[in-house]
Amino acid sequence: MTTEMQEIAVTEDKPLLTGQADSSKQDAELAARILLDQGQEHSIETPHGVLHVTLHGTRNSRRPAILTFHDVGLDNKSCFLPLFKFEEMQEIVKNFTLIHIDAPGQEDGAAVYPVGYQYPSMETIAEMIPAVLQFFNFRTVIGVGVGAGAYILSKFTLANPESVEGLVLVNIDTNSRGWMDWAAQKLSSVTSSLTEQILSHLFSQEELSSNTDLVQSHRERMSKAPHLLNIELFWKTYNSRRDLNLDRSCTFKCPVMLVVGDQAPYEEAAVECNSKLDPTTTSFLKMADAGGLPQLTQPAKLTEAFKYFIQGMGYMASSCMTRLSRSRTTSLSSSYSMDGSRSRSRTLSQGSQGGQMPPSPSQTMEVSC
């Protein structure tokens, strides 16, 4: 039994002009890219006030979001934009939603707080983060914090261990300021401007002495900031922080990567923090020629280290990370270890050179960038 097919001609009442469909598609894609680059800005109500948050990407809650928190004197753009715009970082960015949090009153264009305003403590700011996760309907995040932001994300993680799958902490200082630090800060406040005090916190002495372009740009940006009073309040709050009281029995329940430049102001603090954490779940990366802000001065190295970190958590397939692999064969000054206790596969690729195998989960491997 056969079936006869009849050819039926269908005509369009309003046929598209040649190239019109392609042009419309290109315009839509361009608009989407612009929106993605700029991010979606939100003012999120929390139990302790409003947070300015910028979201990049779609709200895909099947994976954790990458949640960032900046340092004093910076906002999410000046702290993280060069890193997350870096070409090789796009392999990660396209697979994750980015959530950038600005500390209260630190975002560009923020209204100036009135004189006498009681700025929230570091603990209080950490308590504002769960409202952000709830707003975007994310159950877990991978935190990336720098300086004060690293401290805040640490407080958040200790209080909400089920919400954090991994932490990248740059220039972390888990200790409160001692009497000597307090006295030095008091003297500095008399002899130096607020901008210079914060620059000494952000950059190494070598960078300040050579007055690099990066130092100059941040000095100009802060000195001309209309919300400088807000920056001062955040600075004072950070200097009033308490000890995190970390030790092997009271520590993070997730993988942690500590990052610091070899000449950074907080190199010793980061080394001390590393000594308090579980070596089977902690990676320590001391970056050569990175200065005080390695995410700005060495985005390539930090990107590849971050890829290893994400890969070890089982969220990315093995990638070609030749730059970091090559650097590991030259000098050894940092520890890098991964924990194998999670159900996901956790691997640390050594690259193709020499046919080296990844270390076992309990090992600590010395690396350097």
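Rules used in this analysis
- Residues numbered from 1 in each chain as written.
- Predicted model: local features only at pLDDT ≥ 70, side-chain atom pairs only at ≥ 80, totals over all residues.
- Heavy atoms only, no water.
- Helix = DSSP H or I, 4+ residues; strand = E, 2+ residues; numbered from the N terminus.
- Buried < 20%, exposed > 50% of the residue type's maximum accessible area, 1.4 Å probe, protein only.
- Areas by Shrake-Rupley, 256 points an atom, 1.4 Å probe, with all protein chains shown as cover.
- Pairing = 2+ DSSP bridges.
- Axes fitted to C-alpha atoms, helices over the stretch in contact; angles between N-to-C directions.
- Parallel < 35°, antiparallel > 145°, perpendicular 65-115°, else oblique.
- Left-handed = near helix turned anticlockwise from the far one by under 90°.
- Contact = heavy atoms within 4.5 Å.
- Nonpolar A, V, L, I, M, F, W, Y, C, P; charged D, E, K, R; others polar.
- Core = buried A, V, L, I, M, F, W, Y, C linked by side-chain atoms within 4.5 Å.
- pLDDT = per-residue confidence, 0-100.
- Expected span 1.5 Å × (residues − 1).
- Salt bridge = Lys/Arg side-chain N within 4 Å of Asp/Glu carboxyl O.

## Brief notes about the overall build of the chain
And step 1. The helix and strand inventory of the chain stands at 14 helices and 10 strands.
And step 2. Relative to its 369 residues, the chain shows a buried fraction of 51%.
And step 3. Total accessible area on the chain stands at roughly 18,300 Å², and carbon and sulfur atoms take up 51% of it.

## Examining the pairing of strand S2 (residues 49-56)
And step 1. With 6 of its 8 residues buried, S2 lies for the most part within the structure.
And step 2. As paired elements, strand S1 (residues 40-46) and S2 share 7 bridges and run antiparallel to each other. Within S2, the position partnered with His42 by the bridge is Val53.
And step 3. The antiparallel pairing of S1 with S2 creates a hairpin that spans 2 residues between the two strands.
And step 4. Inspection of the sheet shows S2 paired to strand S4 (residues 98-102) by 5 bridges, in the antiparallel sense. The residue bridging Val53 from the neighbouring strand is Ile101, located in S4.

## Considerations on the environment of Pro226
And step 1. Locating Pro226 in the fold gives a position in the loop between helix H9 (213-223) and helix H10 (228-239).
And step 2. Looking at Pro226, the relative accessible area reads 67%, which means it is exposed.
And step 3. For the pair formed by Pro226 and Asp108, sequence separation is 118 residues and the distance between their alpha carbons is 9.0 Å.

## Some remarks on the packing of helix H4 (residues 122-136) against helix H5 (residues 148-159)
And step 1. Remark: H4 packs on H5, axes separated minimally by 8 Å, with the N-to-C direction vectors making an angle of 70°. When the interaxial angle is binned, H4 and H5 end up roughly perpendicular. As for how H4 packs across H5, the hand of that crossing is right-handed. Only Ala148, Tyr151, Ile152, Leu153, Lys155 and Phe156 of H5 make contact with H4, whose side of the interface consists of Met122, Glu123, Ile125, Ala126, Ile129, Pro130 and Leu133.
And step 2. Its residues assigned to classes, the contact of H4 with H5 comprises 11 nonpolar, no polar and 2 charged.

## Focus on the pairing of strand S3 (residues 65-69)
And step 1. Burial within S3 is extensive, with 5 of its 5 residues counted as buried.
And step 2. Burial of the side chains of S3 extends over both faces: Ala65, Leu67 and Phe69 are buried on one face and Ile66 and Thr68 on the other.
And step 3. Relative to strand S5 (residues 141-146), S3 runs parallel, the two being bridged by 5 bridges. Bridged to Leu67 within S5 is Gly143.
And step 4. For S3 and S4, the ladder comprises 4 bridges, and the chain directions are parallel.

## Regarding the nonpolar core
And step 1. Counting residues in hydrophobic clusters, the biggest one holds 92 residues, and the most contacted among them are Ile99, Ile101, Ile129, Phe234 and Phe306.
And step 2. Top element by residues in this core is H4. It accounts for 8 residues.
And step 3. Discounting residues that sit within four places of it in the chain, Ile99 has contacts with Val53, Thr54, Leu55, Ala65, Ile66, Leu67, Thr68, Val132, Phe136 and Phe138.

## Thoughts on the packing of helix H7 (residues 194-202) against H10
And step 1. Here H7 crosses H10 at 50°, and the two axes come no closer than 11 Å. Taken as axis vectors, H7 and H10 run oblique relative to one another. In terms of crossing hand, the pair formed by H7 and H10 is left-handed. Together, Leu194, Gln197, Ile198 and His201 of H7 and Leu228, Ile231, Glu232, Trp235 and Tyr238 of H10 make up the contact between the two elements.

## Description of the confidence of the model for the chain
And step 1. On average, residues of the chain score 80 in pLDDT, and 71% of them reach the 70 mark or higher.
And step 2. Counting contacts from residues 1-18, a segment whose pLDDT is below 50, to residues more than four positions away or on other chains yields 1 contact.
And step 3. Of the regions scoring below 50 in pLDDT, residues 27-36 engages in 2 contacts with residues more than four places distant in sequence or in other chains.

## Description of H5
And step 1. End to end, H5 covers 17 Å across 12 residues, agreeing with the expected 16 Å (1.5 Å per residue, within 8%).
And step 2. The buried fraction of H5 amounts to 9 of the 12 residues, a majority that puts the element mostly inside the structure.
And step 3. Taken together, the buried positions of H5 are occupied by Ala148, Gly149, Ala150, Tyr151, Ile152, Leu153, Ser154, Phe156 and Thr157.
And step 4. On its buried face, H5 is in contact with S3, H4, S5, strand S6 (164-170) and H10.

## Focus on unusual backbone geometry
And step 1. The residue Asn171 is not glycine, and still its phi comes out positive at about 60°.
And step 2. By the secondary structure assignment, Asn171 is in the loop between S6 and helix H6 (179-191).
And step 3. Even without glycine at this site, Asn211 takes up a positive phi of about 50°.
And step 4. In this fold, Asn211 is placed in the loop between helix H8 (205-210) and H9.

## Examining the environment of Leu244
And step 1. One can find Leu244 in the loop between H10 and strand S7 (256-261).
And step 2. On the basis of relative accessibility, which here comes to 6%, the residue Leu244 falls in the buried class.
And step 3. For Leu244, the residues in contact, after removing those within four places along its chain, are Tyr151, Ser154, Lys155, Leu158 and Thr174.

## Structural notes on the pattern of salt bridges
And step 1. In this structure the tally under the stated criterion is 8 salt bridges.
And step 2. Residue Arg241 is joined to Asp173 by a salt bridge in which the shortest nitrogen-to-oxygen separation is 2.9 Å. Of this pair, Arg241 sits in the loop between H10 and S7 while Asp173 sits in the loop between S6 and H6, and the two are 68 residues apart along the sequence. This pair shows no difference in class: Arg241 is buried, exactly as Asp173 is.
And step 3. Among the salt bridges present, the one from Glu220 reaches Lys224, with a minimum N-O distance of 3.1 Å.
And step 4. On the accessibility criterion, Glu220 (46% relative accessible area) is partly exposed.

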